[in-house]
Amino acid sequence: RVRHICLSCCHAKVVDYELVAIVAARPRVEKLRLHHLVHCTASGVSLMVQAVGARLVDLDVTSSFGVTDHTLKVVALTCPALRRIVFSGAGKCSDRGLRHVAGGAAAVSGCLASVEFESFNYSWDFITDRGLRALATVRSLTHVNLSGNNGVSVRGIRALAACPLVSLACRGCERCDDAWLE
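Residues numbered from 1 in each chain as written. Predicted model: local features only at pLDDT ≥ 70, side-chain atom pairs only at ≥ 80, totals over all residues. Heavy atoms only, no water.

Draft legend 1. Spatial organisation of the nonpolar core. Core analysis: the largest hydrophobic core is formed by 49 residues, its most contacted members being L32, F87 and L112. Per-element tally for this core: the top contributor is helix α2 (residues 42-52), with four residues. The contacts of F87, once residues within four sequence positions are left out, are L59, V61, V67, T71, L72, C93, E116 and F117. (Core = buried A, V, L, I, M, F, W, Y, C linked by side-chain atoms within 4.5 Å. Buried < 20%, exposed > 50% of the residue type's maximum accessible area, 1.4 Å probe, protein only. Helix = DSSP H or I, 4+ residues; strand = E, 2+ residues; numbered from the N terminus. Contact = heavy atoms within 4.5 Å.)

Draft legend 2. Spotlight on the side chain of S88. Here S88 lies in the loop between β4 (84-86) and α4 (95-103). Residue classification places S88 among the buried positions, given a relative accessible area of 1%. Of the polar contacts made by the side chain of S88, one reaches the backbone nitrogen of E118; its length is 3.0 Å. Once you skip the residues sitting within four places of it in the chain, S88 turns out to touch V61, T62, S63, E116, F117, E118 and F120. (Polar contact = N/O pair within 3.5 Å; in protein donor to acceptor, adjacent residues only side chain to side chain.)

Draft legend 3. How the structure looks around the pattern of salt bridges. Evaluation of the coordinates by the stated rule reveals five salt bridges. Among the salt bridges present, the one from E116 reaches R84, with a minimum N-O distance of 3.7 Å. You can see E116 sitting in strand β5 (residues 114-116) and its partner R84 sitting in strand β4, a full 32 residues away along the chain. You can call R84 partly exposed: its relative accessible area is 26%. (Salt bridge = Lys/Arg side-chain N within 4 Å of Asp/Glu carboxyl O.)

Draft legend 4. Quick peek at the packing of aromatic side chains. Inspection of the entire model under this criterion finds one aromatic pair. Look at F87 and F117: their rings are 5.9 Å apart centre to centre, the planes differ by 20°, and that puts the pair in the stacked class. Of this pair, F87 sits in the loop between β4 and α4 while F117 sits in the loop between β5 and β6 (124-128), placing them 30 residues apart in sequence. Pair check on accessibility: F87 and F117 agree, each one buried. (Phe/Tyr/Trp six-rings, centres within 6.5 Å; stacked < 30°, edge-to-face > 60°.)

Structure representation (structure tokens):
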């Protein structure tokens, strides 16, 4: 019966094999929230996502430092119903990961509506205009949060104009100003 699993700021040192066991015992999970899981790796999160696969509609791995572009590739390949993905604070994700997301089943089918890749220390440049150009191919996007990514500029934001955005957050993106509104 469990459809939402939240291990946000879990003080237990949850490791990879435990992540997979938690999901395997709950076959109807649709939402995963895995904030601050510092002991998990890309492999653990990937295996967990694969275990839920087609049912997953919401994935939030905020500040789970073990996740990588490869994790995003697995998500893109195995989660066709995904509507929301949050990889904020995941410092090992880059434009390559955004390209995986943009080419994934959920993006191609029109399910993916929300993408969040916020940098909490407001000094990262892992996400750039190149990644935004890939993301702009996702015509179902209504919400994007790129705050704190210093690799993002007005040019990249303009590329997102092709999407039916309702919400765009670029707080702290040093190379962005209001010129993209013109």
